[in-house]
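Chain residues, written in single-letter form:
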Amino acid sequence: MFRAIADVLRQIGGAIATVVTLPFRALARLFGGASGSARGRRA
């Protein structure tokens, strides 16, 4: 019972984490790609 509740909470937390971090990751990729292309590509 408690394990099932913990699993549900863990899944919800993971979903919220991904939704919250996705925009920041996209912004970092945009700015990182723009500045990186100007200086040359990083390995």
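As the structure is a computational prediction, the values presented were derived from the model and not from experiment.

> Account for the overall build of the protein chain, naming residues and giving values.
Of regular secondary structure, the protein chain possesses 1 helix and 0 strands. By the burial criterion, 2% of the 43 residues in the protein chain qualify as buried. In the form shown here, the protein chain has an accessible surface area of approximately 4100 Å², with 70% of it arising from carbon and sulfur atoms.

> Describe the pattern of salt bridges, and please don't skip the residues or the numbers.
Tallied over the full model, the rule gives 1 salt bridge. The partner of aspartate 7 in a salt bridge is arginine 10, and the shortest N-O contact between them spans 2.9 Å. Pair noted here: aspartate 7 and arginine 10 are both in helix H1 (residues 2-39), with a separation of 3 residues, about one helical turn.

How each quantity is defined
- Residues numbered from 1 in each chain as written.
- Predicted model: local features only at pLDDT ≥ 70, side-chain atom pairs only at ≥ 80, totals over all residues.
- Heavy atoms only, no water.
- Helix = DSSP H or I, 4+ residues; strand = E, 2+ residues; numbered from the N terminus.
- Buried < 20%, exposed > 50% of the residue type's maximum accessible area, 1.4 Å probe, protein only.
- Areas by Shrake-Rupley, 256 points an atom, 1.4 Å probe, with all protein chains shown as cover.
- Salt bridge = Lys/Arg side-chain N within 4 Å of Asp/Glu carboxyl O.

Keep in mind these values describe shape, not function.
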